[in-house]
Amino acid sequence: MDALTVEFGGLTALDDVGLTVGDGEVVALIGPNGAGKTTVFNVVCGLVRPRSGSVRIDGRPAPATSRLADRGVSRTLQGLGLFGGMTAAENVLVPLTGRPRRSADGERAVVAVLQRLDLLDLADTAVDALPYPERKRVALARALVTDPRLLLLDEPAGGLGADDIAALADVVRGIAAAGTSVLLVEHHVDFVMAVADRVVVLDFGRVVACGTPDEVRSDAAVEAAYLGLEAAR
Ligand SMILES: Nc1ncnc2c1ncn2[C@@H]1O[C@H](COP(=O)(O)OP(=O)(O)OP(=O)(O)O)[C@@H](O)[C@H]1O
């Protein structure tokens, strides 16, 4: 995305933000509450129109639609947004419903992604009956089933314990290694350090630092403004 500026009334939520996620790259977007992270996601998804600047996906201007599959984008939500009474497999099928290739192809895609995330044994279990870490994996599977070019993850490590976070880092690295670009918003610093190729730090709608996890960690301004606070928790 180039030079994105977003205003809500008199508030500048994003101020000339430029950000690139390369093929197979994992970029973490971090910053304090209200920094503009969710707004970046919303612009990439076509839900918020920037006052100026542009979004390109796969080198082409993003189409003027918020239908994610048509943009080549998928997104997980902090609240997961799963259908609790439906099974894991039914939830994962949802993004494919209504597409011409539903039926057999759709079922195959669901099985493949459930297998990839080690969820096949739980395919027919109602999501309400699953523990939280498995529900998070179902939400990730649902985002992956459309085979997106760009995957947006909103606090993927939130609410998980250390073992699940370590396993999630492997999964995310695997997704990127398979060619999908990943942009994630995350407060969990250790997870960010383990998974990201690059870290972009937003504060008050501006990019205040950008670099490898080590570079950003040693950036004094970032440490003082953000990472230091996290480390102190
Ligand atoms: N639809 C909206 N209308 C008005 N103001 C908005 C809207 N969406 C976001 N904002 C404001 O824009 C700024 C950036 O918000 P945003 O949600 O992008 O921050 P964030 O970094 O995702 O914060 P958090 O970590 O708390 O989710 C905030 O000041 C927020 O109050």
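Residue indices follow the written sequence of each chain, beginning from 1 at its first position. Note on the predicted model: pLDDT of at least 70 is required for a residue's local features to be given, and 80 or more for side-chain atom pairs to be given and counted; whole-chain, interface and lining totals, by contrast, use all residues.

Under an unreviewed UniProt entry, the protein has the name ABC transporter ATP-binding protein and belongs to Isoptericola cucumis.

Caption draft 1: Structural detail: the environment of Glu107. The residue Glu107 is located in helix H4 (residues 103-116) in this model. Partly exposed residues are those whose C-beta has more than 12 but fewer than 20 other C-beta atoms within 10 Å; 20 or more makes a residue buried and 12 or fewer makes it exposed, with C-beta atoms placed from the backbone. Residue Glu107 is classed as partly exposed on the basis of its 13 C-beta neighbours within 10 Å. Measuring from C-alpha to C-alpha, the distance between Glu107 and Leu96 comes to 9.3 Å, with 11 residues separating the pair along the chain. By definition, any uninterrupted DSSP run of H or I lasting at least four residues is a helix, any uninterrupted run of E lasting at least two residues is a strand, and each is numbered from the N terminus.

Caption draft 2: Main features of unusual backbone geometry. Positive phi, close to 60°, is recorded for Asp58, a residue that is not glycine. Relative to the elements of secondary structure, Asp58 occurs in the loop between strand E5 (56-57) and strand E6 (60-61). Taking the C-beta count within 10 Å as the criterion, Asp58 has 11 such neighbours and is therefore assigned exposed. Its identity as a non-glycine residue notwithstanding, Asp147 has a phi of 55°, on the positive side. Counting through the fold element by element, Asp147 comes out in the loop between helix H5 (132-144) and strand E8 (150-154).

Caption draft 3: Representation of the environment of Gly84. The residue Gly84 is located in the loop between strand E7 (73-75) and helix H3 (88-93) in this model. Spatially, the C-alpha atom of Gly84 lies 13 Å from that of Ala123, the residues being 39 residues apart in sequence. Here contacts are defined at the residue level, using C-beta atoms placed from the backbone and a cut-off of 7 Å between them. Once you skip the residues sitting within four places of it in the chain, Gly84 turns out to touch Val127 and Asp128.

Caption draft 4: Fine view of the site of the ligand. What surrounds the ligand is the set Phe8, Leu11, Ala13, Gly31, Asn33, Gly34, Ala35, Gly36, Lys37, Thr38 and Thr39. Going through the elements one at a time, strand E2 (11-17) and helix H1 (37-44) are the ones with two or more residues in the shell around the ligand. Element by element, the count of residues in the shell around the ligand is highest for H1, at three residues. Counted by class, the shell around the ligand contains four nonpolar, six polar and one charged residues. Put plainly, near means the residue's C-beta atom, positioned from the backbone, lies within 6 Å of the molecule or strand in question. Note on residue classes: Ala, Val, Leu, Ile, Met, Phe, Trp, Tyr, Cys and Pro are nonpolar, Asp, Glu, Lys and Arg are charged, and everything else, Gly too, is polar.

Caption draft 5: Quick peek at the domain arrangement of the protein. Domain segmentation is taken from an automatic or database assignment of domains. Taken as a whole, the protein is organised into domain 1 (2-72 + 148-231) and domain 2 (82-134). The interface is formed by five residues belonging to domain 1 together with four residues belonging to domain 2. Counted by class, the side of domain 1 that touches domain 2 contains three nonpolar, one polar and one charged residues.

Caption draft 6: Quick look at the sheet that holds strand E4 (residues 52-54). Taken together, three strands build an open sheet; the order of strands is E2-E1-E4 and the sheet is antiparallel. The open sheet has two free edges, formed respectively by E2 and E4, since each of these has just one partner strand. For this sheet the average axis-to-axis angle between neighbouring strands, irrespective of direction, equals 25°. Judged from the four bridges that link them, strand E1 (residues 2-8) and E2 form a sheet pairing that is antiparallel. Across the sheet, Leu4 pairs through a bridge with Val17, a residue of E2. We treat two strands as partners when DSSP finds at least two bridges between them. Lines fitted to C-alpha atoms define the axes, with helix axes restricted to the stretch in contact, and inter-axis angles between N-to-C directions lie between 0 and 180 degrees.

Caption draft 7: Structural view of the sheet that holds E8. Taken in spatial order, the six strands make up an open sheet running E7-E8-E9-E3-E10-E11, and their pairing is mixed. The outermost strands of the open sheet, each flanked by one partner alone, are E7 and strand E11 (206-211). Averaged over all pairs of adjacent strands, the angle between their axes in this sheet comes to 20°, without regard to strand direction. Across three bridges, E7 lies against E8 in parallel orientation. Paired with Arg75 across the two strands is Leu152, which belongs to E8. Along the sheet, helix H6 (residues 162-177) makes contact with strand E3 (26-30), E8 and strand E9 (181-185), crossing E9 at roughly 145°.

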